[in-house]
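Listed here are the chains, written in short residue letters.
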Amino acid sequence: MSTKSNSQTSGATSFVSVEGLTKRYRDDLPPVFENVSFTIEQGEFICVIGHSGCGKSTILNVLAGLERPSEGHVIVRNREISGPGLDRGVVFQNHALLPWMTVEGNIAFAVRSRYPDWTRERIIAHGARFIEMVGLKGAEKKKPSELSGGMKQRVGIARAFAIEPRMLLLDEPFGALDALTRGVIQDELLKICTATQQTVFMITHDVDEAILLSNKIMLMSNGPRARIAEIVVNTLPANRQRETMHHDPQFYRIRNYLVDFLVRRSKELSATHGDRPDTGRVAAAATRLVYPGLDDGAAAPVAVARAAGPNLKAIA
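### Concerning the pattern of salt bridges
Per the stated rule, a full pass over the model turns up 13 salt bridges. For the salt bridge of Arg 242 with Asp 187, the shortest nitrogen-to-oxygen distance reads 3.1 Å. Note that Arg 242 is positioned in the loop between strand 10 (228-233) and helix 7 (249-273) and Asp 187 in helix 5 (residues 179-196), a separation of 55 residues in sequence. Note on Arg 242: relative accessible area 29%, which makes it partly exposed. Linked by salt bridges that have partners in common, Glu 230, Asp 260, Arg 264, Arg 265 and Arg 288 make up one network.

### As for helix 3 (residues 120-133)
Given a rise of 1.5 Å per residue, 14 residues ought to cover 20 Å, and the 20 Å separating the end C-alpha atoms of helix 3 matches this to within 8%. Those residues of helix 3 lying buried are Ile 123, His 126, Gly 127, Phe 130 and Ile 131. Angularly, the buried residues of helix 3 cover 145 degrees about the axis, an arc narrow enough to put them on a single face. Buried residues belonging to helix 3 abut helix 2 (103-114) and helix 4 (149-162). Two residues or fewer past helix 3, Gly 135 is found with a positive phi of approximately 80 degrees.

### A short note on helix 2
Counted at 1.5 Å a residue, the expected span for helix 2 with its 12 residues is 16 Å, and the 17 Å between its end C-alpha atoms agrees. Of the residues making up helix 2, those classed as buried are Val 103, Glu 104, Gly 105, Asn 106, Ile 107, Ala 108, Ala 110 and Val 111.

### Structural notes on the environment of Gly 135
Mapping Gly 135 onto the fold places it in the loop between helix 3 and helix 4. Taking relative accessible area as the criterion, Gly 135 reaches 44% and is therefore assigned partly exposed. Through-space distance from the C-alpha of Gly 135 to that of Val 155 is 9.6 Å; in sequence the pair is 20 residues apart.

### Notes on the confidence of the model for the chain
A residue-level look at the chain finds 84% of positions with pLDDT of 70 or above and a mean pLDDT of 83. By mean pLDDT, strand 14 (residues 313-315) is the weakest element of the chain at 33, and strand 3 (residues 45-49) is the strongest at 96. Below a pLDDT of 50 lies the segment residues 5-12, which in the model reaches 13 contacts outside its immediate sequence neighbourhood of four places, other chains included. Note that residues 296-316 has pLDDT below 50 and, in this model, 74 contacts with residues that lie over four places away or in other chains.

### Some points on the sheet that holds strand 4 (residues 71-76)
Pairing is antiparallel across the open sheet formed by four strands, whose spatial order is 2-1-4-5. Edge strands, defined here as strands with exactly one partner in the open sheet, are strand 2 (33-40) and strand 5 (79-80). Here strand 4 runs beside strand 5; their pairing, made up of two bridges, is antiparallel. Paired with Val 76 across the bridge in strand 5 is Arg 79.

### Considerations on unusual backbone geometry
Of the consecutive residues Gly 223 and Pro 224, the connecting peptide bond is found in the cis state with omega at 0 degrees. Looking at the secondary structure, you find Pro 224 in the loop between strand 9 (216-220) and strand 10. Within the chain, Asn 78 stands out as a residue other than glycine whose phi angle is a positive 70 degrees. Considering the arrangement of structural elements, one finds Asn 78 in the loop between strand 4 and strand 5. Backbone geometry at Gln 197 places phi at a positive 55 degrees, although glycine is not the residue there.

### With respect to the environment of Met 245
Note that Met 245 resides in the loop between strand 10 and helix 7. A relative accessible area of 9% places Met 245 in the buried class. What Met 245 contacts, discounting residues up to four positions off in sequence, is Asp 208, Ile 211, Leu 212, Leu 236, Arg 240 and Phe 251.

### Quick word on the packing of aromatic side chains
Centre-to-centre distance and the angle between the planes together describe a pair of aromatic rings. Within this structure, the stated rule accounts for three aromatic pairs. Aromatic side chains Phe 38 and Phe 201 sit 5.8 Å apart centroid to centroid with 10 degrees between the ring planes, which places their arrangement in the stacked category. With Phe 38 in strand 2 and Phe 201 in strand 8 (residues 199-203), this residue pair connects regions lying 163 residues apart in the sequence. By the burial criterion, Phe 38 is buried, and Phe 201 matches it.

Rules behind the numbers
- Residues numbered from 1 in each chain as written.
- Predicted model: local features only at pLDDT ≥ 70, side-chain atom pairs only at ≥ 80, totals over all residues.
- Heavy atoms only, no water.
- Salt bridge = Lys/Arg side-chain N within 4 Å of Asp/Glu carboxyl O.
- Helix = DSSP H or I, 4+ residues; strand = E, 2+ residues; numbered from the N terminus.
- Buried < 20%, exposed > 50% of the residue type's maximum accessible area, 1.4 Å probe, protein only.
- Expected span 1.5 Å × (residues − 1).
- Arc of directions from axis to C-beta.
- Contact = heavy atoms within 4.5 Å.
- pLDDT = per-residue confidence, 0-100.
- Pairing = 2+ DSSP bridges.
- Phe/Tyr/Trp six-rings, centres within 6.5 Å; stacked < 30°, edge-to-face > 60°.

Below is the structure:
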């Protein structure tokens, strides 16, 4: 396991900068998470893994502008988020389709909110591109009740892409699907994101899914007082494919590292970090940037991590 570092760079130059995020629901209870800071570069695919209750979905909701943090800010393209916006597309665990509208109508509804001056013909033509992109050509006139679970989720993905957001936020979008359908849609998503260079922030409990899709994987310690304990760089080739990536020895090094964190180290971090008395805001804990399976076996602490793919560097 290897670590790299360079001089600190301002988060203001990053596409997304999350600074000192803390969320508490009651003053007499410790925060769900605290002092969460990270950056995302344009075109990165980020996965977040952690046990239930660590605040993953809350962080995503803050990024979406659907929830306000107790402390800290989220800055996207040098502007602080103050609410929902069409620059951020969200796909939830539940497809959240309008049941009285067709596939075409659900997507047109979103496109119309983004481009209110467009004609109906232009809106339909625009939406058709994304319907075809997710493999639903021929199902345009069907309503959600006529679609399978996987097809509904594809509509949700097409709808999110159709508003052409600068960032896509995915909250376990494939969790309720069977393994075969999940694999097909993951492949579709990977293909689309590769072609469009879409920036993605995705929550998942599936380790293999994170390895297949992401450039880097953020590991959260257990709540309360959860934090981003480590950022794992995906060192598999960028052109990896589901059918062949398990033949690469590096796949198992990354996978074993992630599983060990979830089974053992996340609990250890919680025991040392989460049970102390609540004495107010504390200094942000260092985040380790790690390259599992690479040479030197040591990971130095860093404050924030930035970059893309195999060239990811740590910031001391």
